[in-house]
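# What the coordinates show
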Amino acid sequence: MRPARLLLTMTALLLSAAPTLAALPATTTPAAASTLARDAALKRGRQLVTWFYAQNLTPVWAAFLPTARAGFGGDLKAFQAYRASGVVTYGKELRLISEDVRVQDGVSYYLRTATFEKGPDVQWTVVFGLDSVGRVVEFGIIGAGEALPQRVS
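What counts as what
Residues numbered from 1 in each chain as written. Predicted model: local features only at pLDDT ≥ 70, side-chain atom pairs only at ≥ 80, totals over all residues. Heavy atoms only, no water. Salt bridge = Lys/Arg side-chain N within 4 Å of Asp/Glu carboxyl O. Buried < 20%, exposed > 50% of the residue type's maximum accessible area, 1.4 Å probe, protein only. Core = buried A, V, L, I, M, F, W, Y, C linked by side-chain atoms within 4.5 Å. Helix = DSSP H or I, 4+ residues; strand = E, 2+ residues; numbered from the N terminus.

With that settled, the discussion passes to the pattern of salt bridges. Taken as a whole, this structure holds 6 salt bridges when the rule is applied. Aspartate 100 is the partner of arginine 102 in a salt bridge, and the nearest nitrogen-oxygen pair spans 3.3 Å. With a shortest N-O distance of 2.6 Å, aspartate 131 and arginine 135 are connected by a salt bridge. Look at arginine 135 and you get partly exposed, because its relative accessible area is 39%. Connected via shared salt-bridge partners are Arg46, Glu93, Glu99 and Arg112.

Written out as structure tokens, the structure reads:
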């Protein structure tokens, strides 16, 4: 490519990126980075739980890393059976009690506590442990009386 053409191409790229670059802060403080990571984990957790509740399990399973899949013997059909059993036993989410993100050892834990149709007085917490790009490293559902794993407390 000739220098003049290269200069025109680079100028066009910079101009097209200008709105995006202008929207970014000059520096990101650790607190701002932490807030961004928490917001991303909250958004990703909500997306995963929406699919999980709708029994749209293929994208949830695709997000599971081997550590999360191991809880189901590495088998999508076992995960599907687990979810189907939960629907029969507990029904739909009735009331959201709380949702939170806790970060421990580089894993962001999305925690969603709710009650369900067939047991409105019992609270359950869905836990998605997410890596830095939103893949699931851990998954579980625990009752309100159960303690969170040590690394999540």
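We are not done yet, so read on.
What follows deals with the nonpolar core. Core analysis: the largest hydrophobic core is formed by 20 residues, its most contacted members being Leu48, Phe64, Phe79, Phe128, Val136 and Phe139. Counting residues per element, the ones that place at least two in this core are helix 2 (30-53), helix 3 (57-63), strand 3 (119-130) and strand 4 (136-143). Among the elements that take part in this core, helix 2 stands out by supplying 5 residues, more than any other.

Nothing here speaks to function; it is all geometry.
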